[in-house]
Amino acid sequence: MTSSPVVWFEQLRRADVAKVGGKNSSLGEMIQTLGQKGVDVPAGFATTADAYWNYVEENGIREVMGELVADWIDGRTSLAETGAAVRKLFLRGSWPQATADAIVAAYRELSKRAGHDEVSVAVRSSATAEDLPDASFAGQQETFLNIAGEKALLDACRRCYASLFTDRAISYRQAKGFDHMKVALSIGVQQMVRSDIGGSGVMFSIDTETGFDKVVLINAAWGLGENVVQGAVDPDEYQVYKPLLEDMSLKPIISRKRGAKAIKMIYGKGDQPTRNVPTSKAERAALVLSDKEILVLARWATIIEKHYGCAMDMEWARDGETGRLYIVQARPETVQSNRQDALFKTYHISKKGKMLVDGLSIGDAIVSGQVCLIETAKDIDQFVDGSVLVTSTTDPDWVPIMKRAAAIVTDHGGRTSHAAIVSRELGLPAVVGTGNATEILHTGQEITVSCAEGDEGRVYEGVAEFRIETSNMADVPATRTKVMLNLGNPGAAYRWWKLPADGVGLARMEFVISNAIRIHPMALVHFDRLKDEVAKEEIAALTAGYDDKSQYFVDNLAEGLARIAATLYPKPVIVRMSDFKTNEYAGLIGGADFEPKEENPMIGFRGASRYYSPRYREGFALECRAIHKLRVEMGFRNVVVMIPFCRSIGEAEKVLAVMAENGLKRGQEGLQVYVMCEIPSNVILAEQFARYFDGFSIGSNDLTQLTLGVDRDSGELADLFDEQDDAVKWMIGSVIKEAGKAGAKIGICGQAPSDHPEFAKFLVDCGIDSISVSPDSFVAVKQKVAEAEKTAKG
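Cut-offs used in this document
Residues numbered from 1 in each chain as written. Predicted model: local features only at pLDDT ≥ 70, side-chain atom pairs only at ≥ 80, totals over all residues. Heavy atoms only, no water. Pairing = 2+ DSSP bridges. Helix = DSSP H or I, 4+ residues; strand = E, 2+ residues; numbered from the N terminus. Axes fitted to C-alpha atoms, helices over the stretch in contact; angles between N-to-C directions. Salt bridge = Lys/Arg side-chain N within 4 Å of Asp/Glu carboxyl O. Buried < 20%, exposed > 50% of the residue type's maximum accessible area, 1.4 Å probe, protein only. 1 Å grid on protein atoms, 1.4 Å probe; cavity = no way out; pocket = protein on both sides within 12 Å on 5 of 7 lines; lining within 4 Å. Points joined across faces, edges and corners; volume = space filled by probe spheres on them. Nonpolar A, V, L, I, M, F, W, Y, C, P; charged D, E, K, R; others polar. Expected span 1.5 Å × (residues − 1). Polar contact = N/O pair within 3.5 Å; in protein donor to acceptor, adjacent residues only side chain to side chain. Arc of directions from axis to C-beta. Contact = heavy atoms within 4.5 Å.

Draft legend 1. The arrangement of the sheet that holds strand β21 (residues 456-461) in detail. The strand order β15-β19-β18-β17-β16-β20-β21 describes a closed barrel built from 7 strands, whose pairing is mixed. The average angle at which neighbouring strand axes cross in this sheet is 35°, direction not considered. Here strand β15 (residues 355-362) pairs with β21 via 5 bridges, running antiparallel. Of the residues in β21, the one forming a bridge with D358 is R458.

Draft legend 2. Focus on the pattern of salt bridges. Applying the stated criterion to the full structure yields 45 salt bridges. Linking R194 and E321 is a salt bridge whose minimum nitrogen-to-oxygen distance equals 3.5 Å. Highlighted residues: R194 in the loop between β5 (183-191) and β6 (199-204) and E321 in the loop between β12 (312-318) and β13 (325-332), separated in sequence by 127 residues. On the basis of relative accessible area, R194 is assigned to the partly exposed category, the value being 23%. A salt bridge links E661 to R617, with the shortest nitrogen-to-oxygen separation between them at 2.9 Å. On the criterion of sequence distance, the pair formed by E661 in helix α22 (residues 649-661) and R617 in helix α21 (residues 617-633) is long-range, its members being 44 residues apart. Judged by relative accessible area, which is 56%, E661 ranks as exposed.

Draft legend 3. Examining empty space enclosed by the protein more closely. Throughout the structure, instances matching the rule amount to 5 cavities of 30 Å³ or more. Roughly 190 Å³ of internal volume is contained in the largest cavity. Lining the largest cavity are 19 residues, and of these R124, S195, G225, A317 and V328 sit closest to its centre. Secondary-structure elements contributing two or more residues to the lining of the largest cavity are β3 (121-129), β5, β6, α8 (226-230) and β12. Sorting elements by how many residues they give to the lining of the largest cavity places β12 first, with 3 residues. A per-class count over the lining of the largest cavity returns 10 nonpolar, 6 polar and 3 charged. Approximately 90 Å³ is the volume found for the second largest cavity. Around the second largest cavity, the lining residues are D207, E209, T210, Q239, S361, R415, D455, G491, Y494, R495 and R563.

Draft legend 4. Helix α18 (residues 549-567), seen in detail. Between its terminal C-alpha atoms α18 stretches 29 Å, which fits the 27 Å expected from 19 residues at 1.5 Å a residue. Among the 19 residues of α18, 17 are classified as buried, and the element is accordingly described as predominantly covered. With a side-chain oxygen lying 3.0 Å from the backbone nitrogen of S550, the N-terminal cap of α18 falls on D548.

Draft legend 5. Looking closely at the sheet that holds β13. Reading across from one edge, β9-β8-β7-β6-β12-β13 is the order of the 6 strands in this open sheet, with antiparallel pairing throughout. Either end of the sheet is taken by a strand with one partner, and the two such strands are β9 (253-257) and β13. Each adjacent strand pair in this sheet contributes to an overall mean axis angle of 15°, direction not counted. Relative to β13, β12 is paired through 7 bridges, and the arrangement is antiparallel. For D313, the partnering residue across the bridge sits in β13 and is R331.

Draft legend 6. Examining helix α15 (residues 509-517) more closely. Looking only at α15, the buried set comprises M509, E510, V512, I513 and I517. The buried side chains of α15 occupy one side of the element, clustering within an arc of 165° when seen end-on. Buried residues in α15 make contact with α14 (490-493), β24 (504-508), α17 (533-542), α18, β25 (573-576) and α21.

Draft legend 7. Representation of the pairing of strand β16 (residues 366-373). Bridge count for β16 against strand β20 (residues 446-450) is 5 bridges, and the pairing is antiparallel. For V367, the partnering residue across the bridge sits in β20 and is V449. Sheet topology note: the β16/strand β17 (residues 388-391) ladder contains 3 bridges and is parallel. By the bridge assignment for β17, V371 is matched with V388.

Next up, the structure:
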């Protein structure tokens, strides 16, 4: 008995790859097993590999196709000629009656189930090789959207078959060593989700750049999803922390970035079933997904990942009529999840030219080279091997030259766009979504592409100087003394997730404020009092969409710090409250109206003294609200708060009281509060300070400055500034001893232990609990601490 040429998705399982390809078998797997767990997948059916071979035989294609491919392999014809000739064979073929009847009958049934006469469907290709069931053919064949009517469906299915022989599909199989005559094609026919009037996008259950496996990354745009996949649009980007999703009371959305979303793909008519139109101003200004929808998708990603047992790459859509969310595709992620390298390579840029453009960084490398600007796919034969490819956007037709590029820069696209995915697979640094690279850069220009400075990729003029450091995680010894990280840039935090650090000893709040927020908090609280009209305009633009401008500060600070807290969760992450000097605060947008001018800001109105002062108390309240959101709403209870530059016990009391007023009461909900030990009074009164704080962190720069009376910024006195001076070491030894007696934790954050092995030994001999260093010196410090512990006194 001949098997049916058509199978409903709900009758398929993951094991049916040889029968219907990976894409269709995966849809069947999800409908059968994950529907009961709340994951919605649109209904549909697939044609079998046998149906493809039946079409080939009935139309006498096999022999002619074999000869055409052989001629190309032997060099007698071009790739373009061969592809066009084979596609013509399929497009001119007639459907075997049994196959056509089965497709039409299934389509009628699908329409009936949907309650339509002729339901609109997506027609997707799913290639399969019978003897290579695990082979991936992702992105090689065509997809046809908004197909309605029996004739249109059969036509689209015929075009799917022909797409098995697009130029890119032929060259891909040839490069992978697959036999063209053994690869078949299954067609997936799936009910369309009305995302043309809703939204859609791509989702990964892993960070695509670093392989950090505790986050879900979601890209979203208005309209049909092809624009996100192709990189034709700059989408919104959301990140969610997976381990905290299990608690339904928490909202662990750790990043929301609004994309430009300049266009959207909607339904067309007749021969043009889809078309792109500009988005409205309101659509560009709004986020595509609500918090509730972001969390639903993220939970689905974790369910799908758990079921498949590996990191997943998924496509989702939201129906604009019903508001329902759907997963329309899911496949294993193949780049980051396969990297099991113990070697940890980091790039450091030093001397660099003017920044020309910036966008999203893909990868973490730095490359210098000459620009080769290619505007359209028809000009790709002009590409110069080894140059930096600069273009508007890419699709699978560009892959042959992408393989020969040193780096890639595009105007459009997000982290899940075609250019980003291919660059990742090829191990090339790329900067995507620059907006204007094709206008700014020109062919032959010398540039440096840097993806080593966090999640923002930058293109610099000329050839920059940089170095590469390689560490081996297998060489990291265990130590009694905790070795932690100093972090400030949320965009670079995930890069260090594989380091076996004991937590974050210093997370600098100022970095998030100056880079992600950029506005003085008091200028948000008292926006109407601002005299600077230019600043008011800038603030209005940055806070667009916020009725309460203060909430802009709270949300962005909480999300920035959340990415640092997530990297090493549940290990402690010590967040120092803002420690700008007045001249630095004045440099923030709107800051000049709220800051006094000081002769010596280093020992002026800074740290704890600001937090209870009428001049800044309302600004500090916003910092406290952000920490409360981070710990209580998001769930990062591993965050410890640290107060800088606290001069007296009286100040300690005042600051703790203001914190409690703003929802941060020491000891409540496990909140620990540390103090920076950077003033001689902190050492002299250490026993008393320990009654108010749970721990100390020695700030050796300020402590050295104030103990020796040396301006740390003075070039004339540089020789006198010495953290290993006997007086400074006495201070450090004394406070470590007093903290130990009081049962308070004590650590140090600074480079001295990495620069001076004898200083690391001194700290270990004193019995310090932790040493916090920059990530690139972590391995070296860990080794020095281990050596010091071997010979430690007692």
